[in-house]
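Observations on the three-dimensional arrangement
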Amino acid sequence: MHPSSASWAYGGRLSQLRAWLLFAVSALAIAGAFALLAVLTRTPAVQLLGTAEGLHRAIAGHVTFALLVWLLAFETVLWLLASPPECRPRTFSRSLLLASAGSGLLIVAVLSGRGAAVLTDYVSVIVDPLFFAGLALFAAGVGGAAWAAVGHVAGTRSLLQHGMQAAAVIGVLALGACGTALAWLLPRDPAATDFVFFQSLFWMTGHLLQFVNVVAMTSVWYLLLDAGFGAGVRDDRLARRAYDASVVLAMLLFACTVGFDSRTLPANLGLSVAMGLAAALPALVHAALVVGAIARRRRGWSSPEGAALLCSVTLFVCGIVLALARVRTGSSMWIPAHYHAVVVGGVTMAFMGLTYTLIGRLGTMAWPRLSAVQPWLYGLGMLLVVAGMNWAGAEGAPRKTFDPALGAAAARWVTPMNVMGAGGVVAVLGGAMFVLNALVSLATTARVRADAPVIPIHAASVHGRIR
Ligand code: HEM
């Protein structure tokens with residue numbers, strides 16, 4: 001047994017892991033509830049919410065709890081897993097207090113009706129002090145945990161530590177980009193609308209956070225490869241170089257944009273494409289390594305981890321191909337189709353798969369059979385959402401729009417949006433299955449099972465185990 005893992009376990013870190021996992025899955029539950037409101041309002045056959053303001057608040061709540069809180073909270077679980085023994089558990093409990101207090105303020109701001117919803121890219125905003133206080137507390141919580149986790153990693157690093165250290169470095173860059181954007185935007189131009197101000201403030205940060213999400217997803221792919229297929233990559237040097245490439249590309253893009261007025265960046269299509277390619281190309285290297293290893297697999301596809309990995313790699317690659325095919329067609333529903341293929345089909349699916357592995361370690365799965373079906377159902381639902389959104393985009397459907405306000409013009413995309421709606425219901429059902437199974441499993445198993453199997457932290461280059 002690796003000496004450091006003993007102190008890892010008994011230092012209270014397992015209870016931190018459980019607490020952060022509970023927090024992350026709860027955030028996904030909130031994001032899913034808002035997704036159901038948004039998807040059923042944009043489904044012509046339903047049109048659940050009757051006002052544009054209602055839809056905009058639902059989308060703002062959805063994006064905040066899905067793209068920010070759920071993903072960054074789960075990435076903190078990964079930073080916790082990658083953290084060396086000398087990293088004190090108290091750091092993570094303090095960070096969790098900050099992050100959950102922040103999330104509490106965010107949900108109050110969204111539901112209270114205070115302030116206006118501004119649907120800027122990557123970071124939707126409710127223009128109200130409660131929302132900004134919530135965002136700041138949440139960022140401080142996650143930022144503190146990431147720093148604590150990877151700041152101590154020294155010497156030989158496992159592949160997970162290499163990946164999550166790269167993600168943390170890019171995370172710091174993302175915070176830096178927010179600071180430099182603010183420097184351009186203050187003092188605030190009174191003529192600038194809230195949309196222009198916040199779009200310019202968060203555009204570069206939002207893009208760099210997608211690098212963090214993609215690097216974290218590929219780090220999880222290697223864990224799922226082992227847990228689901230009992231396989232690993234033969235030589236992980238190429239994988240490590242791909243992580244280094246993600247960091248270098250993110251730094252280059254950040255350096256290239258610092259000197260430009262942040263108000264000019266969102267409209268720069270060339271920069272958007274460069275950002276997309278820089279995030280995607282190293283990930284495609286990881287996808288090739290993973291698919292190669294699956295071909296040499298020892299076990300079948302029946303495990304929840306194996307199913308999640310297959311769906312994640314497939315939907316992620318589909319999302320990249322979709323963006324390359326549609327990038328010159330202007331703004332329409334193809335953009336959320338791309339988002340959902342990449343950050344839901346790819347990133348969220350991978351994180352769901354690893355949650356099953358960790359639950360297996362932390363205790364007992366409440367409904368094991370459900371976990372084997374859930375990734376396929378969620379994947380199928382997401383495929384229909386993506387296909388419906390992209391088809392609607394091809395018919396001219398705009399993003400984040402209350403269709404009844406468009407009158408007869410919206411008739412052109414009724415069928416594709418109904419397909420999106422049907423897929424949305426299936427995906428929400430798959431999401432609810434995951435949330436229920438995870439929350440019940442985590443809540444009902446207070447103590448680590450003594451006979452729990454060892455989970456290697458990355459088979460290819462094992463440096464640590466959770467015991
Ligand atoms: C049950 C699964 C989900 C469903 C049914 C769903 C549905 C939707 C819908 C209907 C919209 C509004 C699209 C528009 O009107 O333009 C939307 C927006 C969005 N969703 Fe989801 N969503 C789901 C899960 C997620 C997850 C897990 C994430 C991130 C991890 C996510 C990220 C986003 C983002 C970033 C947007 C804004 C898109 C844009 O700016 O164009 N979604 N979602």
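Please read these numbers as outputs of a predicted model, since none were measured by experiment.

In this section: the overall build of the chain. Within the chain, the secondary structure is distributed over 12 helices and 4 strands. For the chain, buried positions account for 56% of its 467 residues. A separation of at least 24 residues holds for 83% of the contacts in the chain among residues at least 6 apart in sequence. For the chain, the accessible surface area stands at approximately 17,800 Å², while carbon and sulfur atoms represent 69% of it.

Within the structure shown, the criterion is met by 9 salt bridges. Its salt-bridge partner being Arg42, residue Asp403 comes within 2.9 Å of it at the nearest N-O pair. Of this pair, Asp403 sits in the loop between α11 (368-394) and α12 (414-444) while Arg42 sits in the loop between α1 (3-41) and α2 (52-82), and the two are 361 residues apart along the sequence. One salt-bridge network, held together by shared partners, links Asp121, Arg399 and Lys400.

In this section: the coordination of the iron atom of the ligand. His62 (NE2) and His340 (NE2) make up the full set of protein donors to the iron atom of the ligand, lying at 2.0 Å. For the iron atom of the ligand, the 6 donor atoms in the first shell make angles of 85 to 179° at the metal, a pattern classed as octahedral. Of this pair, His62 sits in helix α2 while His340 sits in helix α10 (residues 334-362), and the two are 278 residues apart along the sequence. Judged by its relative accessible area of 19%, His62 is buried. By relative accessible area, which is 16% here, His340 ends up buried.

Around the ligand there are 26 residues in total, and Arg42, His62, His340, Arg399 and Lys400 lie nearest to it. Side-chain polar atom of Arg42 to an oxygen atom of the ligand: 2.9 Å apart, as the coordinates give it. Taking Lys400, its main chain carries an N or O atom lying 2.5 Å from an oxygen atom of the ligand. The set of elements that each furnish at least two residues to the shell around the ligand consists of α1, α2, α10, α11 and α12.

Our next topic: the nonpolar core. Of all hydrophobic cores here, the largest spans 150 residues; its most connected members are Trp20, Leu208 and Leu225. In terms of residues, this core owes the most to one element, helix α6 (residues 194-229), which gives 21 residues. Once residues lying within four places of it in the same chain are set aside, the contact partners of Trp20 are Ala73, Thr76, Val77, Leu80, Phe92, Ser95, Leu96, Ala99 and Val142.

When you line up the elements, Ala116 lands in the loop between α3 (89-111) and β1 (117-118). Linking Ala116 and Asp194, residues 78 residues apart in sequence, is a C-alpha distance of 9.5 Å. Setting aside anything within four residues of it in sequence, one finds Ala116 in contact with Val125, Ile126 and Val127.

The next point concerns the side chain of Asp403. You can call Asp403 buried: its relative accessible area is 8%. Once residues lying within four places of it in the same chain are set aside, the contact partners of Asp403 are Arg42, Ala410, Trp413 and Met417.

About the criteria used
Residues numbered from 1 in each chain as written. Predicted model: local features only at pLDDT ≥ 70, side-chain atom pairs only at ≥ 80, totals over all residues. Heavy atoms only, no water. Helix = DSSP H or I, 4+ residues; strand = E, 2+ residues; numbered from the N terminus. Buried < 20%, exposed > 50% of the residue type's maximum accessible area, 1.4 Å probe, protein only. Contact = heavy atoms within 4.5 Å. Areas by Shrake-Rupley, 256 points an atom, 1.4 Å probe, with all protein chains shown as cover. Salt bridge = Lys/Arg side-chain N within 4 Å of Asp/Glu carboxyl O. Donors = N, O, S within 2.8 Å, 3.2 Å for Na, K, Ca; no water. Tetrahedral: all angles 85-135°; square planar, octahedral: opposite > 155°, others 65-115°. Near = heavy atom within 4 Å. Polar contact = N/O pair within 3.5 Å; in protein donor to acceptor, adjacent residues only side chain to side chain. Core = buried A, V, L, I, M, F, W, Y, C linked by side-chain atoms within 4.5 Å.

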